[in-house]
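Examination of the molecular architecture
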Amino acid sequence: MSVLPLVFTSGWASGINAYAVVLLLGVFGATGVSDEVPEALQRPDVLIAAGVLFLCEAVADKIPYVDSVWDSVHTVIRPVSGAVVGALLAGQSGSLPDLAAGAVGGSTALASHAVKAGTRMAINTSPEPFSNVVMSTAEDLGVGGLISFAMFYPEAAAIIAAVLLVIGLFLLFFLVSRIRRFWRRRAQRREEKRLAERVGAPPP
């Protein structure tokens, strides 16, 4: 079960920024920092694709409302990425069945993604863009720091990830009202846009 802490941590991080996780793990494996990283994550094409997508996410994640659209698109991608990474890590070490590792990585990624997406919806009820930039930067630094820490202290990193996940879920519970406000404003903007298109349309 020695790989389980790394699977859990990578799952939590994948729910926030899956491309950063793949990129960091691949780099750590390719440079010989860790023997736990499978060859599939060290391939040059995988590293290049993860790097490009990470840059795209770094930009989209800092723009109000664009970040929520990006999160919606990644509702499936992040949990699947967490499950795949977890299964690959388990297959590399042989200390945990691939299916179990995939379930742990995927479910953890889904939970942390829900926290990230819900928090962004609440933040987007504020008109200023600075909170989005601050939150996105903090998430990127947190993912990078915790994955790096997990390479040397996987058990401690897993404990930190678990604490952050629990805190995030409690925070999400208290932000439900702001998230509902986000959806109401989004529906209102759609209705205003639809009415504006009707007014601007030529008469039949």
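Figured I'd write up the structure that's included with this text. Numbers given for residues are sequential positions, taken from 1 along each chain in its written order. In keeping with the predicted nature of the model, local features appear solely for residues at pLDDT of at least 70, side-chain atom pairs appear and are counted solely at 80 or more, and the whole-chain, interface and lining totals rest on all residues. Heavy atoms throughout the structure, all of them, feed into the side-chain values; hydrogens and water do not.

**Examining the overall build of the protein**
- Helix and strand counts for the protein come out as seven helices and zero strands.
- When its helices and strands are written in sequence order, the protein yields α-α-α-α-α-α-α.
- Along the first, second and third principal axes, the C-alpha set of the protein runs to 70 × 35 × 30 Å.
- The buried label applies to any residue whose accessible area, calculated with a 1.4 Å probe on protein chains only, is under 20% of its type's maximum; exposed applies above 50%, and partly exposed to all values in between. Here the protein holds 204 residues, and 42% of them are scored as buried.
- In this tally Asp and Glu are treated as negative and Lys and Arg as positive; neither His nor the chain ends contributes. The atoms used to mark charge sites are NZ of Lys, CZ of Arg, CG of Asp and CD of Glu. Measuring between centres, the 16 positive side-chain charges of the protein sit 16 Å from its 16 negative side-chain charges. Labels follow the DSSP assignment, with helices taken as runs of H or I lasting at least four residues and strands as runs of E lasting at least two, numbered in each case from the N terminus.

**Notes on a nonpolar patch on the surface**
- Candidate patch residues must exceed 30% relative accessible area and have no salt bridge, after which like charges are joined if within 9 Å and Val, Leu, Ile, Met, Phe, Trp or Tyr side chains if within 5 Å. Only the protein chains shown count as cover for residues, with accessible areas throughout obtained via the Shrake-Rupley method and a probe of 1.4 Å. Each reported salt bridge corresponds to a side-chain nitrogen of Lys or Arg within 4 Å of a carboxyl oxygen of Asp or Glu. The grouping of Val33, Phe149, Phe152, Tyr153, Ile160 and Leu164 at the surface amounts to a nonpolar patch, some 550 Å² of accessible area in total.
- Within the residue set of the nonpolar patch, elements represented by two or more residues are helix H5 (130-152) and helix H6 (154-174).
- Assignment of secondary structure puts phenylalanine 149 in helix H5.
- Classification of phenylalanine 149 by relative accessible area gives partly exposed; the value is 30%.

**Structural notes on the nonpolar core**
- What makes a nonpolar core is a set of buried Ala, Val, Leu, Ile, Met, Phe, Trp, Tyr and Cys residues whose side-chain atoms join them at distances within 4.5 Å. Formed by 27 residues in total, the largest nonpolar core has its most connected members in Trp12, Ala13, Val21, Leu25, Leu89, Val143 and Ile147.
- Among the elements that line this core, the one with the most residues is helix H1 (residues 4-30), at ten residues.
- Should any heavy atoms of two residues lie within 4.5 Å, those residues are counted as being in contact. Apart from residues lying up to four places away in sequence, tryptophan 12 is in contact with Thr108, Ser112, Leu146, Ala161, Leu164 and Leu165.

Function cannot be read off these values alone, since they describe shape.
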